[in-house]
Amino acid sequence: MPKPWIGFAIDPADKIMLLHLLVTPKDRKVVVVESVFCQTDWRETFARVLYFHYEILNVLWLPSHLAAVSVTGWDTGLVVDMGYEDATVIPVYKGVTILNASSSHALGAKTIDKALKSSLQKNCTNAPENVEELLTEEKIEDIRVRACFVSNKPERAKAFRFEINGDHFLEFDGVAREAAAEVLFQNDDLDGESIPRMVLESLAKCPLDTRKPLARSILVIGGTSMIPGFTKRLLKDLTELTAEKNEDVMEPTEYRAFNLPTKENCVAWLGGSIYGATEATNIRGFTKEYFLKTGVVPDWSNLAHNSFKGFLSGTSTPTASPSKSL
Amino acid sequence: MTGVACRFYNIPDSGSIIHLANLTSARNPFGISLCLVFLKVDCDRRTMAHLFQLDTVRYVCCCGSLKPICFVYFCRHCLRLRCPYCVSHEVDSHYCGNCSENMPSAEAKQKKNRCNSCYECPSCKQTLSVRATTVQAPAEDDPDKLAPKKLYYLTCGFCRWTSRDAGIEDSTSSSGPWPEPENPQAQYICEITDYFRTLATREKNAKEKKYVHKNKFLAAGRHGLAHLLPKRFPAANPEEIGKAIPLPNFVASTSSAEELDDLPSEFYETEFVSAKVTSLSQRFGQVETEPSESAALMPTHKQLLVKRSLRCRVCERNIHKPEYSPVSIKFKIQLNAYYHVPQVRLMAPLPTPIKPGNQARIILRLANPTQFPTSIKFLPFAWVPLKKIDEHPPVITESMSLSPEDTKVNLPGTHTSESSTDVKDATASSQMMKEIHVLPIRNESFKINCRLDPPDEEVVLPPRDETSEFDDFADTPDFNDDISLVPWRKANKAAVFLDVIMDKEASEDDPPVLGLTIEYDYVNTILALENKQGPQKVRLQTHLLISLDRSPQ
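Residues numbered from 1 in each chain as written. Chains lettered and ligands numbered in written order. Predicted model: local features only at pLDDT ≥ 70, side-chain atom pairs only at ≥ 80, totals over all residues.

(A) Main features of the nonpolar core. By size, the foremost hydrophobic cluster in this structure holds 96 residues, and its most contacted members are A:Leu50, A:Ala68, A:Val79, A:Val80, A:Ala180, A:Val199 and A:Leu219. With six residues, helix α2 (residues 40-53) of chain A is the single largest residue contributor to this core. Here A:Ala68 is in contact with A:Val79, A:Leu219, A:Ile221, A:Val267, A:Ala268 and A:Gly271, once residues within four sequence places are set aside. In terms of nonpolar packing, the next biggest core, distinct from the first, is built from 56 residues, B:Tyr73, B:Cys75, B:Val341 and B:Tyr520 among them. (Core = buried A, V, L, I, M, F, W, Y, C linked by C-beta atoms within 7 Å. Buried ≥ 20, exposed ≤ 12 C-beta atoms within 10 Å, placed from the backbone. Helix = DSSP H or I, 4+ residues; strand = E, 2+ residues; numbered from the N terminus. Contact = placed C-beta atoms within 7 Å.)

(B) Geometry of the domain arrangement of chain A. Residue and element names in this part refer to chain A. Domains assigned within chain A are domain 1 (7-66 + 269-313), domain 2 (73-107 + 193-265) and domain 3 (109-182). The interface of domain 2 with domain 3 comprises 12 residues on the first partner and nine residues on the second. Of the residues that constitute the side of domain 2 that touches domain 3, the class distribution is six nonpolar, two polar and four charged. (Domains from an automatic or database assignment. Nonpolar A, V, L, I, M, F, W, Y, C, P; charged D, E, K, R; others polar.)

(C) Broad picture of the pairing of strand β9 (residues 218-221) of chain A. All names here are of chain A. Residue alternation in β9 divides its side chains into two sets, Ile218 and Val220 and Leu219 and Ile221, and both sets are buried. Where strand β3 (residues 77-82) meets β9, four bridges bridge the pair, whose relative direction is parallel. Its bridge partner lying in β9, Val80 is registered against Val220. (Pairing = 2+ DSSP bridges.)

(D) Just the pairing of strand β8 (residues 169-172) of chain A, in detail. All names here are of chain A. Only one face of β8 is buried: it carries Leu170 and Phe172, and the other face, with Phe169 and Glu171, is open. The sheet contact formed by strand β7 (residues 160-163) and β8 spans four bridges and is antiparallel. Bridging across to β8, Arg161 finds its partner in Glu171. Here β7 hands over to β8 after five residues, the two strands then running antiparallel side by side.

(E) How the structure looks around the sheet that holds strand β1 (residues 30-34) of chain A. Residue and element names in this part refer to chain A. Reading across from one edge, β1-β2-β11 is the order of the three strands in this open sheet, with mixed pairing throughout. Across the chains shown, the open sheet's two edge strands, defined by having one partner strand only, are β1 and β11 (286-287). Against the sheet, helix α3 (residues 64-72) engages β1 and β2 (58-63), with an angle of about 80° to β2. Across the sheet, helix α11 (residues 267-276) is in contact with β1 and β2; its angle to β1 comes to roughly 150°. (Axes fitted to C-alpha atoms, helices over the stretch in contact; angles between N-to-C directions.)

Structure follows, in structure tokens:
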């Protein structure tokens, strides 16, 4: 696979630094809130952009689930991160990530959009011929954000109209509003996965004595979870699934979710800015000199840093020589 | 916006570009599209066509990126081309794009980069204007009488949103005050931040003591992927380990499924109106609250803009420095390449497309933008990409990483007019060594499939003369040109015939691209200022890629 071209990282980063933050990048410290499952290539490219292109002296690389947990003020949380492409569940117990109990599946906004599109086409009541063309990706997203919700009741929503452009109004049956998000809960797709099942599987992999505290501190983050009714439905389904007592499912327990001081899509960002306000960048950040010397940003997936040998030697063995060519 | 527009389009001999600058600064939501219309009209004059075909002639920057001349800078100290990627961008001053008021950076930071007095429509992001209405209200001196009273509210001329939609009461003064929505969770976030500050300070203190190894306070350290790099072997410090980690003052509350509110009945009972629900971009405009109902949208302060200055990464000198005043669109320093490097344009299209193995004659139009005469020689493409000597170089040691002193030695001021080739090579290579370490190397890929049959003679161009631009009958200087090389000449411009051969091996599908190096005289006036000597003349090379499949019109 070819290395990602730095322009992809520089152009948006330029926009952030000089149009929104209005800072000279060189004299700032940076906190990068990253997913632990981020592709190494992208991570390294971004590191090169920060250290070489912007000449930033100190960057703190912070895993997004830890940033999210820090917002709660507590050190335990079962992070359910609902993204666009996929959903990730990562348990953090007393500040320690239980990485082998994490799970990730393609159940994100993209999945909803796909389901929404077919459901809209099926339920369009004034169907003009070119329904498929009118329902562009942006329009589907708009409908998902504005109209969709996760149903908790057997009732049905009323039929609704949606303006596609100045000339076209599409009318849909109310069921389209609530049917789309069901893909996250019904586990009848190919993988047989659903968000509640992912949470339960993750809990089942955790050490026994951590399960109950984790179940009591579910932390739902990510923009996709902002569909109205999501958290309530998740907790309800979890309780029901546990009550059924499948063999790999834990004892019935109480499931509780955190009420956060900000909207779900900003949680990880808020966590990052909390870290950024402290000395953490100085203590934990990796400096430009370090990057110049070793050419890598240490990562958990790199055995040079994350192995017994690396631990004993006390220093990292650089695996790659630094390359300034971006 | 104005600054940017001017920088990109302010090409020396194009008077109509001023429209662009003026129109974008007008507070008109359609400013930009109007400008384009103006430019299109001008385009008929054919002289402006190069603006729309920026990528016909591309200059090769020393880092290897290919850019049209209006996107390239020229460092007068390094005497090298620099593209936006090989200069560092710095924030010079903050200002509001609407009221053009300057804001010191400390204040801007405190105000969260927002203008004090200008507001933005939360619905469509246009600038809000203040509108006045008159109401009949009881007069102050005589409560029984009704007197007209002026009230003000904010309104968006674009989408018709008004502050009344947000439930904001009309103000008695035109300057507000308008209510500032507060983040309801600000208190909580402060507490959490304070808590983490204490933890971080404790960790820092623990780290300062030599024998303590474990950094146990911040969660990021404990699992976070970073702790896996022990700097020292663990050594217990009973004092520090014995101390309990302080408990947080605030912990977010949790709720179970029963405690969470049911979806409001509106979802089922009332009819869905999409205009009453906010869109994603409207929500992102108000990150603190992210309201889902349109009625909860509040006017937001306008985001500030910055004037930026650019600095050469190699010699750390300014390449661009705008004037401080936000109203001014001028620059104190503006080292765009089109003020220093001969400008090359493809003057006429090829009458028939060039075929592999065939020869064709192209006409280039050269312009000398400097105040000194220059003599241009055409050479085959001779660009050497910046490359490390070893593809897998040894680990860069501390001493090799660039400190400011390193960059200051051997500044390329050592170009001399009569330098022998050895000296020239030496300075050029030391220059390149420096660039290798400082510049991000891009080396964009390109394919040259046309070669030049370089003429032996040089083309002499007189200096640029502002007045000749407006004088149609000015005497054209006589240079005894060979008509078969220079068919046309006016003031500092000349047209040149060049013979081009397309490679036999080239595939017919590939667009024909001509690689070309021009060598020209450049008079270095900076050196004269610094060394108190006369201006020094140097021969510089610039490398160009010309796409031959495009017509200039």
